[in-house]
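Inside the fold
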Amino acid sequence: MSLVLAFLNTRDVEADTDVLRSVREWREWALDRGHRPDPLPEAVRARDTLRALVTGTDRTPGAARVTVDVVTTGDGAELVSRTAVAAVFAAVARLTALGRWNRIKICPDTACRWAFYDRSRNRSRTWCSMRVCGNRAKARSFRQRGITESSPPER
């Protein structure tokens, strides 16, 4: 799960940073996690595809082409990947098989868009952080209601 979240969060809207803007940064990111980096355009396409799937904006998901080997062990089968993107998709497959993929969410705050894992019992968490993004949204809503309620009646 942590690899999937780290990959989805390679773009930080608030800090205006993106690991996938340069080959050097992408290479460092992948190697730091023990994986061989894929070509940068493939990594960008994979991240965009996964983020669209998480947010539900991709109504017709296509097939992602990654190579993941299935190796049998004494404990059963294990997914083995050769590249960083393949490792992320292998982790997505594990989350899906465990029924946890739908707990990966994207913060709806347009200034944030951070990916997070919803640990709430009923899977109802909306914000990456109630203290930050949730608080901002509630404050905006409160101010908007105040403006609407205090506006003079139209004539």
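Predicted model, so just to flag it, every value in this text is computed and none were measured. (Residues numbered from 1 in each chain as written. Predicted model: local features only at pLDDT ≥ 70, side-chain atom pairs only at ≥ 80, totals over all residues. Heavy atoms only, no water.)

What follows concerns the nonpolar core. Grouped together as the largest cluster of nonpolar side chains are 28 residues, with contacts concentrated most on V4, F7, W26, L50, W101 and I104. Ranked by residue count, the leading element in this core is helix α4 (residues 84-97), at eight residues. In this structure, W26 is in contact with F7, V19, L20, P37, D38, L40, A43, A84 and V85, ignoring residues within four places of it in sequence. (Core = buried A, V, L, I, M, F, W, Y, C linked by side-chain atoms within 4.5 Å. Buried < 20%, exposed > 50% of the residue type's maximum accessible area, 1.4 Å probe, protein only. Helix = DSSP H or I, 4+ residues; strand = E, 2+ residues; numbered from the N terminus. Contact = heavy atoms within 4.5 Å.)

Our next topic: the packing of aromatic side chains. One pass over the full model with this rule turns up three aromatic pairs. With centroids separated by 5.5 Å and ring planes inclined at 20°, the aromatic side chains of W26 and W29 adopt a geometry described as stacked. Highlighted residues: W26 and W29, both in helix α2 (residues 23-32), separated by three residues, approximately one helical turn. One aromatic cluster is present, formed by F7, W26 and W29 through successive ring pairs. (Phe/Tyr/Trp six-rings, centres within 6.5 Å; stacked < 30°, edge-to-face > 60°.)

Let's shift gears to helix α3 (residues 40-55). With 16 residues, α3 extends 23 Å between its outermost C-alpha atoms, agreeing within 8% with the 22 Å of an ideal straight helix rising 1.5 Å per residue. For α3, the set of buried residues is L40, A43, A46, R47, L50, R51, A52 and V54. In the segment just after α3, G56 is the residue with positive phi, at about 80°. (Expected span 1.5 Å × (residues − 1).)

When you line up the elements, D18 lands in strand β2 (residues 17-18). D18 sits in the buried class, given a relative accessible area of 9%. One polar contact links the side chain of D18 to the main-chain amide nitrogen of L20, over a distance of 2.8 Å. Those residues within four positions of D18 in sequence are excluded, and the remaining contacts are T10, R11, E25 and R47. (Polar contact = N/O pair within 3.5 Å; in protein donor to acceptor, adjacent residues only side chain to side chain.)

Phi at D16 takes a positive value of approximately 55°, unusual for a residue other than glycine. Topologically, D16 is positioned in the loop between β1 (11-12) and β2. A positive phi angle, close to 60°, is found at R113, a residue other than glycine. The topology assignment puts R113 in the loop between β5 (104-106) and β6 (115-117).

Counted by the stated rule, this structure contains six salt bridges. Ionic pairing is found between R21 and D16, a salt bridge with its closest N-O pair at 3.1 Å. For the salt bridge of D118 with K105, the shortest nitrogen-to-oxygen distance reads 2.6 Å. One end of the pair, D118, is in the loop between β6 and α5 (130-150); the other, K105, is in strand β5, with 13 residues separating them in the sequence. Accessibility assignment for this pair places D118 and K105 in one class, buried. Linked by salt bridges that have partners in common, D18, R47 and D48 make up one network. (Salt bridge = Lys/Arg side-chain N within 4 Å of Asp/Glu carboxyl O.)

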